[in-house]
There are 2 protein chains.
Amino acid sequence: MLKGKDDFCEVPDLGSLKQEGKFRLVYMDYVSGKPVDSRVLEAMNPYHREIFGNPSSLHLLGDLPVEAVENARKAVADLIGAKDPKEIVFTSGATESNNLALKGVCFRNQNKGNHLIISAIEHISIINIAKYLEKFGFKTTSVGVDKYGLVNLDKLEKQIRPETLLISINYANNEIGTIEPIKEISKIAHDHNVLLHVDAVAAEGQIPIDVQKDGIDLLTLSSNDIYGPRGVGALYIKSGTMIEPIIQGGGQERGLRSGTENVPGIVGMGKAAEIAKKEMESDSARIQKMRDRIINTVLDTIDHSYLNGHPTLRLPNNAHFRFDYVEGEAILLGLNMRGIAVSTGSACAAKRLEPSHVLIATGLLKEEAHGSLELTLGKYNSEEDVDYLLESLPQVIDRLRKLSPLTPKEE
Amino acid sequence: MLKGKDDFCEVPDLGSLKQEGKFRLVYMDYVSGKPVDSRVLEAMNPYHREIFGNPSSLHLLGDLPVEAVENARKAVADLIGAKDPKEIVFTSGATESNNLALKGVCFRNQNKGNHLIISAIEHISIINIAKYLEKFGFKTTSVGVDKYGLVNLDKLEKQIRPETLLISINYANNEIGTIEPIKEISKIAHDHNVLLHVDAVAAEGQIPIDVQKDGIDLLTLSSNDIYGPRGVGALYIKSGTMIEPIIQGGGQERGLRSGTENVPGIVGMGKAAEIAKKEMESDSARIQKMRDRIINTVLDTIDHSYLNGHPTLRLPNNAHFRFDYVEGEAILLGLNMRGIAVSTGSACAAKRLEPSHVLIATGLLKEEAHGSLELTLGKYNSEEDVDYLLESLPQVIDRLRKLSPLTPKEE
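A. Quick look at the pairing of strand 9 (residues 218–222) of chain A. Residues and elements named next belong to chain A. Taken across its five residues, strand 9 has five buried, putting it largely inside the fold. The side-chain alternation of strand 9 yields two buried faces, one formed by Leu218, Thr220 and Ser222 and the other by Leu219 and Leu221. The pairing of strand 8 (residues 195–199) with strand 9 spans three bridges and is classified as parallel. Following the sheet pairing, aspartate 199 is matched in strand 9 by threonine 220. In this sheet, strand 10 (residues 233–237) lies alongside strand 9 in antiparallel orientation, the contact comprising five bridges. When the sheet's bridge partners are listed, leucine 221 is paired in strand 10 with alanine 234.

Here is the structure:
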């Protein structure tokens with residue numbers, strides 16, 4: 001078994017991937033998946049075999065889970081500054097939350113309008129839900145972004161029509177890390193009586209989110225993205241916002257999400273939210289320092305390297321580069337051989353090998369987008385991880401450039 | 001801390017519920033929720049913090065979860081005799097599986113028809129999904145059952161129309177435990193070119209299910225009902241059966257269920273399926289013996305007691321009674337005070353305090369339905385649990401009858 005940072009992960013034998021020479025397991029793909037905080041697992045523990053009753057049961061074993069679920073609801077509400085825990089509905093994850101938000105608003109309000117606006121850099125789930133809604137007569141406008149990935153506010157406002165029901169924009173982008181001007185977007189939406197849904201999956205637990213100050217009507221959260229368990233998520237639905245459920249059944253979650261509550265998962269998400277609220281500031285500061293060292297060193301020491309996304313309005317854990325004359329997939333595989341796990345874009349779209357729609361929306365050419373590499377740090381990364389990355393990455397790129405017919409001969 | 005059977009559960013201090021005298025914690029509400037098998041938790045363990053990668057990631061940490069998910073898929077396929085693991089789609093639970101099955105078939109085939117048939121004793125989720133589909137122009141016929149809860153096959157066949165797309169019947173009923181003649185129902189459905197969906201949540205892990213021999217096109221499974229974790233379920237979709245997804249996104253589960261895979265949950269369900277396949281026969285035999293002792297003793301020793309459901313075609317863990325002159329809720333509370341957790345009907349409908357639609361469908365009067373009590377045993381019950389129940393139940397009923405104005409004076 002290889003060991004990473006003590007507090008962190010063990011992975012089974014990597015077999016052929018393990019080389020004779022220097023090898024260190026470094027995970028820099030936190031956007032795709034996170035290890036669960038051990039304190040979260042501990043909090044979940046009693047709910048698997050001890051306090052396992054169904055919250056809907058009338059007997060003594062049904063009451064304790066109810067209390068646990070409500071405490072978790074409060075912790076999640078607190079993390080995002082929601083006024084009332086009742087505004088939090090637990091789901092099976094961010095994708096379901098996005099489905100509930102968009103379909104929920106559209107189907108509930110189809111007598112009022114049939115139009116929604118999303119940005120060109122939304123997560124694939126938002127894009128595909130919007131496409132699905134077209135079958136039912138809804139129309140979607142996709143608003144462009146500038147070269148940094150910032151939504152163009154003028155264009156956004158101009159796209160609003162009398163029949164517009166909803167604007168859906170990510171709090172920060174999951175690929176390039178750009179943080180959107182949510183408060184300004186909210187003002188535009190509300191000036192026109194349009195609801196605002198925000199996918200906060202990439203941002204949650206990294207930067208403060210305040211649904212009241214930000215003026216958000218619906219907010220998608222994932223549990224794993226704050227080091228909670230998989231298979232749980234939440235949707236914040238501001239009091240008074242009417243939506244239609246997408247899963248019918250026993251009427252759990254005040255009728256908005258039927259299905260027996262995943263009590264251990266919900267408890268885990270609650271604990272993760274509690275930890276995030278307490279430790280986010282210090283974790284993010286430490287992560288951002290490491291991230292800045294990566295960005296500065298890469299741009300300084302690797303020729304023809306560029307930063308994608310915004311130089312300052314970006315998530316503290318995100319470093320997204322492009323390199324001339326090399327393919328992102330080749331860099332990924334090269335780093336992989338050295339034990340470094342990274343991404344070339346959204347994990348959800350990775351296996352399609354298409355250029356990222358996010359990078360294309362920022363104006364990159366297909367070949368530029370293909371030369372991109374996404375590093376996302378997390379709270380279990382160490383300065384030694386950064387050292388190892390900064391030693392390995394130039395070697396990988398140098399080797400690939402030597403092999404590439406695209407590399408200019410002069411160099 | 002009170003202790004139940006050693007292998008089993010600890011619950012926190014029950015405070016005022018704990019009496020001076022004899023007290024034993026006995027859980028006989030397995031239909032509402034089950035403790036997770038400790039071997040399942042152990043199997044899940046590495047997937048929280050060690051093998052935590054996103055199956056969609058291209059790097060080394062993305063491959064191991066893929067393998068784990070596929071092994072789990074095979075284990076679930078094996079439990080129900082599916083031909084190909086690809087026929088298993090993982091969901092967030094049984095309610096979502098039921099939604100996917102019914103909406104998936106209806107929306108996909110709306111050019112072929114607009115009619116579905118369910119039984120009058122389906123789970124509330126099936127009933128509510130059918131109601132929801134009416135908004136989109138689909139019609140539902142509910143077929144009645146006999147006094148034992150068996151679906152009337154003649155009536156079922158007569159309800160089939162040229163525009164019928166789907167018949168949805170539970171493998172066994174979750175309240176009264178009656179096992180339906182699925183093979184015969186399948187023959188009727190297929191003779192008329194209609195698909196058959198079966199909700200197997202109450203039956204799975206208790207009696208053998210073979211989707212091929214039974215002739216099932218879609219089958220809903222829950223993980224917790226086979227002692228797996230909450231928040232996971234599966235839908236079996238026979239090869240060639242076309243359905244439309246209900247959650248759009250990154251295209252996971254071959255496009256049928258988007259959302260990052262809940263790898264630990266899926267691994268847990270796989271392990272639970274593996275254990276169920278191996279141990280179901282001996283567990284069910286032991287449980288049925290205890291259950292029969294309960295049924296025989298109650299009917300023999302408590303006056304005016306009756307068994308609801310079928311005398312032989314019933315799930316091995318189910319004992320469902322009605323008692324004249326007493327309310328089920330009062331019995332539940334009386335048993336609760338003695339540490340025995342039971343149910344008066346489906347947990348999903350328990351808090352509404354309405355008479356069970358299942359009991360009403362079997363021909364019981366409202367007051368008879370209200371006098372009913374559901375005991376569902378599980379693999380952690382012991383003969384001592386049965387002793388304690390059989391000692392407590394007559395006392396509780398006797399006391400309630402003495403207080404009840406309905407009790408005839410002569411008695």
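Having seen the structure, we can now continue with the description.
B. Structural detail: the relation of the copies chain A and chain B. Each copy superposes on the other: chain A lies on chain B with an RMSD of 0.0 Å after a rotation of 180 degrees and an axial shift of 0.0 Å. What we have between these two chains is a two-fold relation. Closest approach to the rotation axis within chain A is made by the C-alpha atom of serine 92 of chain A, at a distance of 3.0 Å. Interface overlap between copies is the fraction of interface residues in one copy that are interface residues in the other; for chain A against chain B it reaches 100%, indicating a shared surface.

C. Fine view of the environment of phenylalanine 138 of chain A. Position of phenylalanine 138 of chain A among the secondary structure elements: in the loop between helix 5 (124–134) and strand 6 (139–143). When the C-alpha positions of phenylalanine 138 of chain A and glutamate 163 of chain A are compared, they lie 10.0 Å apart, and in sequence the two are 25 residues distant.

D. Structural context of unusual backbone geometry. All names here are of chain A. You will see that tyrosine 325, though not glycine, has its phi angle at about 70 degrees, which is positive. Along the chain, the position of tyrosine 325 falls in the loop between strand 12 (318–323) and helix 10 (328–337). A residue is classified by how much of its surface remains accessible, and tyrosine 325, at 22% relative accessible area, is partly exposed.

E. Here's a closer look at the interface of chain A and chain B. On the side of chain B, 78 residues touch chain A, which itself brings 78 residues to the contact. Counting the surface lost from both chain A and chain B, the interface buries some 6,300 Å², and carbon and sulfur atoms represent 61% of this. A per-residue breakdown of the area chain A buries against chain B is headed by Arg49, Leu60 and Arg230 of chain A, which together make up 13% of the total. When the shortest N-O distance is used, the salt bridge between lysine 135 of chain A and glutamate 244 of chain B registers 3.5 Å.

F. The packing of helix 3 (residues 60–79) of chain B against helix 9 (residues 263–301) of chain B, seen in detail. Residues and elements named next belong to chain B. Relative to each other, helix 3 and helix 9 sit at 35 degrees, their axes nearing to 8 Å. Between helix 3 and helix 9 the crossing geometry is left-handed. Contacts between helix 3 and helix 9 involve Pro65, Ala68, Val69, Ala72, Ala75, Val76, Asp78 and Leu79 on the former and, on the latter, Val263, Ile266, Val267, Met269, Gly270, Ala273, Glu274, Ala276 and Lys277. Residue composition of the contact of helix 3 with helix 9, grouped by class: 13 nonpolar, one polar and three charged.

G. Molecular detail of the domain arrangement of chain A. All names here are of chain A. The domains assigned to chain A are domain 1 (2–36 + 280–403) and domain 2 (39–275). In this structure, domain 1 and domain 2 have C-alpha centres spaced 28 Å apart. The interface is formed by 34 residues belonging to domain 1 together with 36 residues belonging to domain 2. With both sides pooled, the region where domain 1 packs onto domain 2 buries about 2,900 Å², and carbon together with sulfur makes up 60% of that total. By the criterion of area lost to domain 2, the three top residues of domain 1 are Val36, Met280 and Leu315, representing 24% of everything that side buries. Counting the contacts that link domain 1 with domain 2 gives one salt bridge. In this structure, the salt-bridge partner of aspartate 225 is lysine 34, at a minimum N-O distance of 3.7 Å. Where domain 1 meets domain 2, there are ten residue pairs in polar contact (both at pLDDT 80 or more). If you list the elements that add at least two residues to the side of domain 1 that touches domain 2, you get helix 9 (263–301), strand 12 and helix 12 (357–361). Per-element accounting of the side of domain 1 that touches domain 2 gives the leading share, four residues, to helix 12. The residue inventory of the side of domain 1 that touches domain 2, partitioned by class, reads 14 nonpolar, 15 polar and five charged.

Criteria and cut-off values
- Residues numbered from 1 in each chain as written.
- Chains lettered and ligands numbered in written order.
- Predicted model: local features only at pLDDT ≥ 70, side-chain atom pairs only at ≥ 80, totals over all residues.
- Heavy atoms only, no water.
- Buried < 20%, exposed > 50% of the residue type's maximum accessible area, 1.4 Å probe, protein only.
- Helix = DSSP H or I, 4+ residues; strand = E, 2+ residues; numbered from the N terminus.
- Pairing = 2+ DSSP bridges.
- Least-squares fit on C-alpha atoms with pLDDT ≥ 70 in both.
- Contact = heavy atoms within 4.5 Å.
- Buried area = accessible area lost by both parts, 1.4 Å probe.
- Salt bridge = Lys/Arg side-chain N within 4 Å of Asp/Glu carboxyl O.
- Axes fitted to C-alpha atoms, helices over the stretch in contact; angles between N-to-C directions.
- Left-handed = near helix turned anticlockwise from the far one by under 90°.
- Nonpolar A, V, L, I, M, F, W, Y, C, P; charged D, E, K, R; others polar.
- Domains from an automatic or database assignment.
- Polar contact = N/O pair within 3.5 Å; in protein donor to acceptor, adjacent residues only side chain to side chain.

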